[in-house]
Amino acid sequence: MTTRVRKWGNSLALRIPKAVARDSRLENGSVVNLAVRGGKVVVEPVQKTKYQLDELLKGVSKKNIHAGVDTGPAVGREVW
């Protein structure tokens with residue numbers, strides 16, 4: 001499949017055909033990494049990292065846990 005590079009302001013733009021977008025799971029607003037490898041332009045979707053609370057908590061130890069923070073007395077109708 002071929003497409004044409006066009007001027008867009010001071011930059012160049014490349015339209016991604018629907019079939020290519022679908023097959024690469026790109027959609028409007030997708031974040032991509034743009035690179036040049038071996039003289040070729042490579043566009044790769046950036047995968048969102050999905051965090052799991054239990055996995056994050058495994059990294060907490062007595063050496064890296066922060067002390068409590070005193071925010072002072074209640075100033076409204078907070079319940080402590």
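Scroll up to find the structure.
This is a predicted model, so every value here is computed, not measured.

What counts, and at which threshold
Residues numbered from 1 in each chain as written. Predicted model: local features only at pLDDT ≥ 70, side-chain atom pairs only at ≥ 80, totals over all residues. Heavy atoms only, no water. 1 Å grid on protein atoms, 1.4 Å probe; cavity = no way out; pocket = protein on both sides within 12 Å on 5 of 7 lines; lining within 4 Å. Points joined across faces, edges and corners; volume = space filled by probe spheres on them. Helix = DSSP H or I, 4+ residues; strand = E, 2+ residues; numbered from the N terminus. Nonpolar A, V, L, I, M, F, W, Y, C, P; charged D, E, K, R; others polar. Salt bridge = Lys/Arg side-chain N within 4 Å of Asp/Glu carboxyl O. Buried < 20%, exposed > 50% of the residue type's maximum accessible area, 1.4 Å probe, protein only.

**Q** Hey, could you go over the layout of surface pockets for me, with residue numbers and the actual values?
**A** In this structure, the largest pocket occupies an estimated 770 Å³ of space. Around the largest pocket sit 24 residues that line it, and L14, R15, I16, L26 and V43 are the ones nearest its centre. When contributions to the lining of the largest pocket are tallied by element, the ones reaching two or more residues are strand 1 (5-8), strand 2 (11-14), helix 1 (18-23), strand 3 (32-37) and strand 4 (40-45). Classifying every residue of the lining of the largest pocket by side-chain character gives 16 nonpolar, six polar and two charged. What the second largest pocket holds in volume is close to 300 Å³. Lining the second largest pocket are S24, R25, L26, E27, G29, S30, V31, P45, V46, Q47 and K48. Grouping the constituent residues of the lining of the second largest pocket by class yields four nonpolar, four polar and three charged.

**Q** I'd like to hear about the pattern of salt bridges, residue by residue, with values.
**A** All chains considered together, the criterion is met by three salt bridges. For D23, the salt bridge is made with R22, and the minimal N-O distance between the two is 3.6 Å. By relative accessible area, D23 is classed as exposed at 62%. On the accessibility criterion, R22 (56% relative accessible area) is exposed. Between E44 and R37 there is a salt bridge, with the nearest N and O atoms lying 3.0 Å from each other. The exposure class assigned to E44 is partly exposed, which follows from its relative accessible area of 33%.

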